[in-house]
Amino acid sequence: MTKKLWNAVVAGGAVAVFTAMTAAPADAATGGVSYSQLSINGGKPIVIGIQETVRVPVTFRMTTSRTWRWAPVVYLYRGKGDYWESDSLRSGFGASDDYCPTKGKGSCVINDGWLSISPTVLDANGFAGTWKSGAYLSLPKDDDVSTDLKRSVQVQRATRVTVDAAPEPVVKGKTITVTGKVSRANWETHSYQGYGGRTVSLQFKADGASSYTTVKKVTSGSTGALKTTVKAAKSGTWRWNYYGNSTSGAKASTGDHVIVWSGVRVMHAR
C-alpha cells in the first residue's frame, strides 16, 4: 500500500505547513466540494505531551464534480483558519492513495488518514482547548477550496500520575499511606510540571476483582502532590485516577500492589 504525506516534508523530518483559505459557513460543502462520514480520532480528544509526535486517525468521504490537482487534506484551526498564522494548529496530513488518488474527479474515501502533530510546534499552552476542523482541496489554476467541516475537536495537554502505597506488606487493620503526584505537559517549557488543585480519585482493585472502585477523592497540593491514608482490609492494587478537563487529558497511574496479612506468624515445631 502506497503511503503519502500530502504536506511537503522538509529536511530533518519536519512537516511544512500549507495555506488554508478562509472556511465558508456551509454544511461541510463549499465550491462544489462536500464531505461526509467524517471521523477525527474517533471523536475523542487529542492528547499531546512534550516529546512524542501524535498520530491522529482521520476518515472521511469527499465528493466533487470538479477535477482536483491534489487529494484533500484535513487541518485544525481557530478564527479564519489561515494555516500560516497562529490560528492554525501546524500539522502534517497523510494517507494511502488507494481510494483517493493524487489527481482525480468524482468522489473518494479516506479510511486510513492521519494528522501528525509534533509537540515541537506547540509553543503556547493556550493551544489547548477547542479547535475547528477544515478540509483543503487543491484544484487546477489555483482555484482551491477550503471547507469548514463543522466538527470541533478538543486538543489537550497530556498529564502524568504516579502512585506509591506503603508499607508493603501491611497488617490487616493498619494504615496504608498512598502518595503520588499529578503533573501536566507545559508546551512552553516542554517539560512536565506539578498540577495543583486537581481532584483525583484514589481507586482500589481487590485481588481477584476485574475492575477498580473509587475509595475517596483527594485534591492535589500546589506542586501536584497527592497524599491520603486508608485502612488495610484486603490485598489488592491501589492507583490514582485523574479524569481530566477541557484542556488536560485524563490519566490513571500504574497500580501499586499491597499484600494485607493477619499479622499472626505460625510457628512450626521442629
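Residue positions within a chain follow its written sequence, with the count starting from 1. pLDDT decides what is reported in this predicted model: residues at 70 or higher carry local features, side-chain atom pairs at 80 or more are listed and counted, and totals for whole chains, interfaces and linings draw on all residues regardless. Excluding hydrogens and water, the side-chain values take into account all heavy atoms of the structure.

Notes on the pairing of strand E11 (residues 145-157)
Looking at chain direction, strand E4 (residues 46-48) and E11 are connected through three bridges and run parallel. From the neighbouring strand, Val47 faces E11, where its bridge partner is Gln156. Bridge count between strand E10 (residues 129-138) and E11: eight bridges; the pairing is antiparallel. In the strand pairing of E11, Trp131 is matched with Val153. A pair of strands is treated as paired once DSSP finds two or more bridges between them. Elements are defined by DSSP. Helices are runs of H or I of four residues or more, strands are runs of E of two residues or more, and each kind is numbered from the N terminus. Between E10 and E11, which follow one another and run antiparallel, lie six residues, and Lys141 among them has a positive phi close to 60 degrees.

Section: unusual backbone geometry
Across the chain, the bulk of peptide bonds are trans and the bulk of non-glycine residues have phi less than zero. Ala166 connects to Pro167 through a cis peptide bond whose omega is 5 degrees. Within the fold, Pro167 resides in the loop between strand E12 (159-166) and strand E13 (170-171). The amide bond that connects Glu168 to the next residue, Pro169, takes the cis arrangement and shows omega of -5 degrees. Looking at where Pro169 falls in the secondary structure, it is placed in the loop between E12 and E13.

Some remarks on the pairing of strand E8 (residues 92-96)
Most of E8 is tucked away, with five of its five residues classed as buried. Relative accessibility thresholds used throughout: buried, under 20% of the residue-type maximum; exposed, over 50%; partly exposed, between the two (1.4 Å probe, protein chains only). Burial along E8 is two-sided: the face carrying Gly92, Gly94 and Ser96 and the face carrying Phe93 and Ala95 are both buried. Pairing analysis gives three bridges linking E8 to strand E9 (residues 104-117), with the strands arranged antiparallel. Pairing of Gly92 across the sheet is with Ser116, part of E9.

A look at the packing of aromatic side chains
Within 6.5 Å between ring centres, the rings of Phe, Tyr and Trp (the latter by its six-membered ring) count as paired, and their orientation is classed by plane angle as stacked under 30 degrees, edge-to-face over 60, tilted in between. Counted under the stated rule, the structure contains six aromatic pairs. Measuring from centroid to centroid gives 6.0 Å for Tyr195 and Tyr242, while their planes differ by 85 degrees, and the two rings are edge-to-face. With Tyr195 in the loop between strand E15 (191-194) and strand E16 (199-206) and Tyr242 in strand E19 (residues 236-242), this pair connects stretches of sequence that are 47 residues apart. A relative accessible area of 4% places Tyr242 in the buried class. These aromatic residues form a ring-pair network of at least three members: Tyr35, Phe60 and Phe93.

A few points about the side chain of Ser133
Counting through the fold element by element, Ser133 comes out in strand E10. The buried category is assigned to Ser133, whose relative accessible area is 0%. Any pair of nitrogen or oxygen atoms within 3.5 Å is treated as a polar contact; in protein, a donor-acceptor pairing is required on top of that, and neighbouring residues in sequence qualify only through side-chain atoms on both sides. Reaching out from Ser133, the side chain makes a polar contact with the backbone oxygen of Arg151 at a distance of 2.7 Å. Working rule for contacts: check all heavy atoms of both residues, and any pair within 4.5 Å makes them a contact. In contact with Ser133, other than residues within four places in its own chain, are Leu38, Ile40, Tyr75, Leu76, Tyr77, Thr147, Asp148, Leu149, Lys150 and Arg151.

Everything listed here is a matter of coordinates, which is why it stays silent on function.
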